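# Commentary on secondary and tertiary structure
Chain by chain, the residues run as shown.
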Amino acid sequence: MSDPTATFMQFRPDMTGIAYRMTGSLAVAEDMVQDAFLRWHTADQPAIDNPRAWLLKVVTRLCLDWLRAAPQRRGQYVGPWLPEPLLHTQDAPQALKHMHDEDLSVAFLVTLQQLSPAERAVFILHDLFETPFDEIATLLARSPAACRQLASRARRHLTHRNRPGPAPDSTWAMRVAEAFLEASRSGDEAALKTILAEDVRLISDGGGIRPAALNVIEGVDRICRLLMAQSRRNGRQAPPVLYRDLINGAPGFVTVETDGLIQTTTLTIAGERITAIQIVRNPEKLAGIEGRLVH
């Protein structure tokens, strides 16, 4: 008989990946995986023919239970919502080292949250984690045909425009990110306008806990004015940079702001311009990152 813990660890990355995409929170995902671990050790394991299907069923149902309360939580959320950032570092949680990267972009995760919980579950399980519809049907207590319909509906919502495109070369993308960081800190508006798209969007998530824009800011002129005002307020005291690398598969950085707390900035790049700036300031979403980067 195989070691129960070794069997569980074999499928832990998939469970973490599914739960993170379902909820947008690594902390919640890890709690659910831990709950699944406890259930696995009390289950009648010899009677389980397909451990992977059993474990994915447990974690997906935990996600669906959690999501039933999500509309109330989201309705109370102050300002735009962004997922918990994922840093690509050597000391990132072990499960993340094995997660698929192509569908972790911030924009795609935000779009996933617009699907119904059932659509989200079927799409993630089938299209991202290659789980057969027959297994998903058993997991969700629906027919395979109904699951296929849910997947089809999800794909219609996730238009080609919303699906992640080919990632830019990471070395080149980080050069763009560094140029953005330097121009925004130094107050070089002309340089900013050479790297920001005309229809660039800035989304800032403070969760009502820290100051952040309550609406999406759109357009290169408005965003440049905001960044120039911040540069003037900071003066020569530019926030220290703790991290420069990929965040959710896109170039970004972590800084310590003037209030002493960290924030993440992630940049979406298309063509040769930055098309979106996503800033997470909500400390509840940054606790894990702070624990790894701040000593």
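As a starting point, this report considers the structure included with it. (Residues numbered from 1 in each chain as written. Predicted model: local features only at pLDDT ≥ 70, side-chain atom pairs only at ≥ 80, totals over all residues. Heavy atoms only, no water.)

Helix and strand counts for the chain come out as twelve helices and six strands. Taking all 295 residues of the chain together, 47% fall into the buried category. As displayed, the chain has an accessible area near 14,500 Å², and 51% of this comes from carbon and sulfur atoms. (Helix = DSSP H or I, 4+ residues; strand = E, 2+ residues; numbered from the N terminus. Buried < 20%, exposed > 50% of the residue type's maximum accessible area, 1.4 Å probe, protein only. Areas by Shrake-Rupley, 256 points an atom, 1.4 Å probe, with all protein chains shown as cover.)

Here we take up the sheet that holds strand β4 (residues 250–256). Note: strands within a sheet are paired through backbone hydrogen bonds, in either parallel or antiparallel orientation. Sheet architecture is open: six strands sit in the order β2-β1-β6-β5-β4-β3, paired in mixed fashion. Because the sheet does not close on itself, it has two edges, and the strands there are β2 (217–218) and β3 (241–247). Pairing of β4 with strand β5 (residues 262–270) involves five bridges; the strand directions are antiparallel. The residue bridging V254 from the neighbouring strand is T264, located in β5. Packed onto the sheet, helix α9 (residues 170–186) meets β1 (196–205), β3, β4, β5 and β6 (273–280) and runs at close to 35° relative to β4. (Pairing = 2+ DSSP bridges. Contact = heavy atoms within 4.5 Å. Axes fitted to C-alpha atoms, helices over the stretch in contact; angles between N-to-C directions.)

This next bit is on the layout of surface pockets. Its boundaries defined by the atoms lining it, the second largest pocket holds a volume of some 620 Å³. For the lining of the second largest pocket, the secondary structure elements donating two or more residues are α9, β1, α11 (220–234), β4, β5 and β6. Counting residues per element, the lining of the second largest pocket draws most heavily on α11, at six residues. (1 Å grid on protein atoms, 1.4 Å probe; cavity = no way out; pocket = protein on both sides within 12 Å on 5 of 7 lines; lining within 4 Å. Points joined across faces, edges and corners; volume = space filled by probe spheres on them.)

Right, let's talk about the packing of α9 against α11 for a bit. At a closest axis distance of 7 Å, the pairing of α9 and α11 adopts a crossing angle of 65°. The residues of α11 that touch α9, namely those facing F180, A183, S184, R185 and S186, are L227, M228 and S231. A per-class count over the contact of α9 with α11 returns four nonpolar, three polar and one charged. (Nonpolar A, V, L, I, M, F, W, Y, C, P; charged D, E, K, R; others polar.)

All right, on to the pattern of salt bridges then. Inspection of the entire model under this criterion finds twelve salt bridges. R244 serves as the salt-bridge partner of E178, at 2.8 Å between the closest nitrogen and oxygen. Of this pair, E178 sits in helix α9 while R244 sits in strand β3, and the two are 66 residues apart along the sequence. R244 sits in the partly exposed class, given a relative accessible area of 44%. Put simply, E218 and R201 hold a salt bridge, and the shortest N to O gap is 3.8 Å. A residue pair is termed long-range when its members are at least 10 positions apart, and E218 in strand β2 and R201 in strand β1 qualify at 17 residues. (Salt bridge = Lys/Arg side-chain N within 4 Å of Asp/Glu carboxyl O.)

Here the focus is the pairing of β6. Of all eight residues making up β6, six are buried, and the element is well covered by its neighbours. The pairing of β1 with β6 spans six bridges and is parallel. The residue bridging L202 from the neighbouring strand is I277, located in β6. Of the pairings in the sheet, the one linking β5 to β6 comprises seven bridges and is antiparallel in character. Of the residues in β6, the one forming a bridge with I269 is I274. Between the antiparallel neighbours β5 and β6 lie two residues, among them G271 with a positive phi of about 65°.

Moving on to the side chain of K285. Within the secondary structure, K285 sits in the loop between β6 and α12 (287–293). Looking at K285, its side chain comes within polar contact range of the main-chain oxygen of L82, at 2.3 Å. If we skip the residues at most four places from it in the chain, K285 touches Y77, W81, L82, E84, P85, D205 and V280. (Polar contact = N/O pair within 3.5 Å; in protein donor to acceptor, adjacent residues only side chain to side chain.)

For the rest of this paragraph, the subject is the side chain of T23. Structurally, the position occupied by T23 is in helix α1 (residues 4–23). Among the polar contacts listed, one links the side chain of T23 to the backbone nitrogen of S25, at a separation of 3.2 Å. Every residue in contact with T23, bar those within four places of it in the chain, is listed here: V28, A29, M32, C63, W66, W81 and Q113.

Moving on, we come to the environment of S25. If you trace the backbone, S25 turns up in the loop between α1 and α2 (26–42). Between the C-alpha atom of S25 and that of P85, which follows or precedes it by 60 residues, the distance is 8.3 Å. When sequence neighbours within four positions are dropped, the list of residues in contact with S25 reads Y20 and E84. Of the polar contacts made by the side chain of S25, one reaches the side chain of E84; its length is 3.1 Å.

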